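Breakdown of the fold
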Amino acid sequence: MFCAGILGQRGHRVLLLDHAETLGEKIRISGGGRCNFTNRDCGPEHFLSLGHGFAASAIRRYPPSRFIELIRRYRIAFHEKHRGQLFCDDSSKQIVDMLVAECAAGSVTLQHPVQVMGVEKSAQAWQLNTSSGQHIASALILATGGLPVPAIGATAFALDLARSLDIPVVAPRPGLVPLAFTSETVSGLDELAGVSLPVMMRAGVSGQRYGDALFQEDLLITHKGLSGPAVLQASSYWQEGEAIEIDWSNGFAWDERFAEGRIGGRYAEAALADVLPGRLAKVLAQQSSVPERKWAEIGKRDRERLRQWVTSWRVKPAGTLGWKKAEVMVGGIDTSALDANSMMVKSHPGLYCIGECVDVTGHLGGHNFQWAWASAYACATSLVGSGQKRS
Ligand SMILES: Cc1cc2nc3c(=O)[nH]c(=O)nc-3n(C[C@H](O)[C@H](O)[C@H](O)COP(=O)(O)OP(=O)(O)OC[C@H]3O[C@@H](n4cnc5c(N)ncnc54)[C@H](O)[C@@H]3O)c2cc1C
């Protein structure tokens, strides 16, 4: 919608097709109904992509400040919640309404629900066979998003079409998603459901694929596993079979805090409970076999074991909670196939891919929408600038 609005307002004849009854459903449900529409601090370091740095030029040309200008123009009240994250004061519906108004200002034809049955390429044009008839266009822009939340219309349309045209696709997997554990992978987690605390959490493998990352955010223990911002962030880097690492102490100076002279007479569990939620302190102390002992009575090896449990707890998640619970898709159309200035598929002139269907995944906090706006802007302005046939 954002891309269509810009193109329409600059004189292109634009037809927007969507198979959904209602447009902008992901926007509507985003940010707990208030849409975290951008992040003031958005920069290339907030994205995962096998094409490292691919998102940088689009974000530079359409930074968060530009989208904030648009929001202000529509008099949508907003606030900053945490670390640059901007949310609507009232409702995410305001963003959908704004995008529809932008399309109307550009006389964009909106058709939905429409099923796209087939896409064919002829010499100069793209031909779409749809439930609303046949449409022919000089440029075709794929903005059908990623796979999360199939219940509100997510499909693999862009990925399937790409594969059928021999455009490389990075295997998709759920990102920004809670991690699941079974009692075989971790014991004692059930007792801790509801515990929430700030932690440092690391996932991924340095130098491989998307690399590794360390997040300092809140973590929530649930009946199914781990959730909360730290876990969602780390999940995008995590891959099946790998371990994650959690510093439950959130980086406190262990040696200073647990110096012999300070806590020698106290029980390990009680000392831990000074710095961690009581229930977590109990489980960690039990699992490292020191709960009933005073600090001064714990040997060097057991102390080290406890320190390891608390500051670098390594565990292999059993999986994620999947596409139903994921906020974003990691992977997608390989950026090596795209021109970073225009988002055009290099091997198929006139075909463009923008937003979440591309292998660019933002961190939590408004970065995914900022990528959607920025890639849409890059595509629209390149089409306007190219003087390509205006439909
Ligand atoms: C619960 C949840 C909360 C989120 N919260 C935030 C947030 O606060 N901030 C943030 O930055 N990101 C958030 N995200 C991520 C963000 O919503 C997406 O990254 C963003 O919407 C991607 O935009 P897009 O235009 O590429 O795709 P989408 O917004 O998914 O739009 C794709 C459109 O294509 C249509 N479509 C799909 N398949 C077909 C088909 N076969 N034929 C025709 N039409 C089709 C869909 O109906 C849809 O309208 C959230 C995601 C979820 C699931």
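Residues numbered from 1 in each chain as written. Predicted model: local features only at pLDDT ≥ 70, side-chain atom pairs only at ≥ 80, totals over all residues. Heavy atoms only, no water.

Here we look at the domain arrangement of the protein
As assigned here, the protein comprises domain 1 (2-174 + 326-386) and domain 2 (179-320). Spacing between the C-alpha centres of domain 1 and domain 2 amounts to 38 Å. At the junction of the two partners, domain 1 supplies 14 residues and domain 2 supplies 14 residues. Counting each side, the surface lost to burial between domain 1 and domain 2 is near 1,200 Å², with a carbon and sulfur contribution of 50%. (Domains from an automatic or database assignment. Contact = heavy atoms within 4.5 Å. Buried area = accessible area lost by both parts, 1.4 Å probe.)

So, the sheet that holds strand β7 (residues 116-121)
Taken in spatial order, the three strands make up an open sheet running β7-β8-β9, and their pairing is antiparallel. Looking at which strands have only one partner, the edges of the open sheet turn out to be β7 and β9 (133-137). The average undirected angle you get between the axes of adjacent strands in this sheet is 20°. Pairing analysis gives five bridges linking β7 to strand β8 (residues 126-130), with the strands arranged antiparallel. Looking at the pairing, Glu120 lines up with Gln127 of β8. (Pairing = 2+ DSSP bridges. Helix = DSSP H or I, 4+ residues; strand = E, 2+ residues; numbered from the N terminus. Axes fitted to C-alpha atoms, helices over the stretch in contact; angles between N-to-C directions.)

Points about the packing of aromatic side chains
Taken as a whole and judged by the stated rule, the model has 13 aromatic pairs. Relative to Phe67, the ring of Phe2 lies with its centre 5.9 Å away and its plane at 75°, an arrangement referred to as edge-to-face. Separated by 65 residues along the polypeptide, Phe2 in helix α1 (residues 2-9) and Phe67 in helix α4 (residues 64-73) bring together distant segments of the chain. With relative accessibility at 8%, the residue Phe2 sits in the buried group. (Phe/Tyr/Trp six-rings, centres within 6.5 Å; stacked < 30°, edge-to-face > 60°. Buried < 20%, exposed > 50% of the residue type's maximum accessible area, 1.4 Å probe, protein only.)

Looking at the nonpolar core
Counting 68 residues, the largest nonpolar core has Phe2, Phe37, Phe67, Ile95, Ile333, Trp371 and Trp373 as the members making the most contacts within it. When residues in this core are grouped by element, the largest group, ten residues, is from helix α13 (residues 367-386). Look past the residues within four positions of Ile333 in its chain and what remains in contact with it is Ala158, Leu159, Ala162, Ile167, Pro168, Val169, Leu338, Cys353, Cys357, Val358 and Asp359. With 44 residues, the next largest nonpolar core counts Phe181, Ala234, Leu276 and Trp295 among its residues. (Core = buried A, V, L, I, M, F, W, Y, C linked by side-chain atoms within 4.5 Å.)

Some words on the packing of α1 against α13
Geometry of a packed helix pair, given as the angle between the helix axes and the separation of the axes. Running from N to C, α1 and α13 point in directions that differ by 25°, and their axes come no closer than 8 Å. Looking at the two axes, α1 sits roughly parallel to α13. Here α1 runs over α13; the crossing is right-handed. Where α1 approaches α13, its residues Phe2, Cys3, Ile6 and Leu7 are matched on the opposing element by Trp373, Ala376, Tyr377, Cys379, Ala380, Leu383 and Val384. Among the residues forming the contact of α1 with α13, the class breakdown is eleven nonpolar, no polar and no charged. (Parallel < 35°, antiparallel > 145°, perpendicular 65-115°, else oblique. Left-handed = near helix turned anticlockwise from the far one by under 90°. Nonpolar A, V, L, I, M, F, W, Y, C, P; charged D, E, K, R; others polar.)

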